[in-house]
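# Summary of the model geometry
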Amino acid sequence: MTNQIQIHAYEPRPNILSKLAKLALPQQFMEKIYSYIERNIFLKLIKDKSQAIEICCPACLKAHIKKTAVEVKLPSEVSRKVFNITNGNAGHMGYYLDKDKLIKLD
Ligand SMILES: [Zn+2]
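Reading guide: rules and limits
Residues numbered from 1 in each chain as written. Predicted model: local features only at pLDDT ≥ 70, side-chain atom pairs only at ≥ 80, totals over all residues. Helix = DSSP H or I, 4+ residues; strand = E, 2+ residues; numbered from the N terminus. Buried ≥ 20, exposed ≤ 12 C-beta atoms within 10 Å, placed from the backbone. Contact = placed C-beta atoms within 7 Å. Axes fitted to C-alpha atoms, helices over the stretch in contact; angles between N-to-C directions. Parallel < 35°, antiparallel > 145°, perpendicular 65-115°, else oblique. Left-handed = near helix turned anticlockwise from the far one by under 90°. Nonpolar A, V, L, I, M, F, W, Y, C, P; charged D, E, K, R; others polar. Core = buried A, V, L, I, M, F, W, Y, C linked by C-beta atoms within 7 Å. pLDDT = per-residue confidence, 0-100. Pairing = 2+ DSSP bridges.

What the chain contains, in helices and strands, is four helices and four strands. The order of α-helices and β-strands along the chain, N terminus first, is α-α-β-β-α-α-β-β. In the chain, which comprises 106 residues, the proportion classed as buried is 15%. Taking the contacts inside the chain whose residues are at least 6 apart along the sequence as the reference set, 67% of them involve residues at least 24 apart.

With that out of the way, let us pick up the packing of helix 2 (residues 27-40) against helix 3 (residues 58-71). Packing of helix 2 against helix 3 leaves a shortest axis separation of 10 Å and a crossing angle of 150 degrees. Relative to helix 3, helix 2 is oriented roughly antiparallel. Between helix 2 and helix 3 the crossing geometry is right-handed. Packed against helix 2, whose contacting residues are Phe29, Lys32, Ile33, Tyr36, Ile37 and Asn40, the element helix 3 presents Cys60, Leu61, His64, Ile65, Thr68 and Ala69 at the interface. Residue composition of the contact of helix 2 with helix 3, grouped by class: eight nonpolar, three polar and one charged.

A few words on the nonpolar core. If you look at the biggest cluster of nonpolar residues, it comprises ten residues: Leu20, Phe29, Ile33, Tyr36, Cys56, Leu61, Ile65, Ala69, Leu74 and Val82. The set of elements that each furnish at least two residues to this core consists of helix 2 and helix 3. Leaving out residues up to four positions away in the same chain, Val82 has contacts with Leu23, Ile65, Ala69 and Leu74.

Here we take up the confidence of the model for the chain. Looking at the chain, pLDDT values average 80 and 86% of them are 70 or higher. Between residues 1-12, whose pLDDT stays under 50, and residues either more than four places distant or in other chains, the model counts twelve contacts.

What follows is about the environment of Arg39. The topology assignment puts Arg39 in helix 2. Remark: the alpha-carbon pair of Arg39 and Asp98, spanning 59 residues in sequence, is separated by 7.5 Å. Those residues in contact with Arg39, other than ones at most four positions away along the chain, are Asp98 and Lys99.

A few words on the pairing of strand 4 (residues 101-104). Where strand 3 (residues 95-98) and strand 4 come together, four bridges link them in antiparallel fashion. Residue pairing for strand 4: Tyr96 is matched across the bridge by Ile103. In this antiparallel pair of consecutive strands, strand 3 and strand 4, the connection spans two residues, and Lys99 shows a positive phi of 55 degrees.

This part covers unusual backbone geometry. Positive phi values are uncommon outside glycine, yet Ala24 reaches one of about 50 degrees. Tracing the sequence through the fold places Ala24 in the loop between helix 1 (15-22) and helix 2. Accessibility expressed as a C-beta count within 10 Å gives 8 for Ala24, which makes it exposed. Unusually for a residue other than glycine, Met93 sits at a positive phi of about 50 degrees. Structurally, Met93 can be placed in the loop between helix 4 (76-83) and strand 3. What makes Met93 exposed here is the crowd of 7 C-beta atoms within 10 Å.

In structure tokens form, the structure reads like this:
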């Protein structure tokens, strides 16, 4: 007998990404968001420990989206739509994580 956990199912990226895709955002912006997710994804085991879903912290993701929107100079009307995509806070008390780096939000 082994204690290894079998991973049977992955749910693709967070829902936030499918919402972003509908906004037809610039490729440069989307690439930065995808690469953030690749760097920060972790697996969350569900219920019976036989399945896992891929997630990243929604608050940190939202913070990175905000920062990236400024960096790539998204037009303000587009930025507004992007920021309103989720209700949660961006980051945690003014900071968010990108892999092992703590980043301050402006
Ligand atoms: Zn977070």
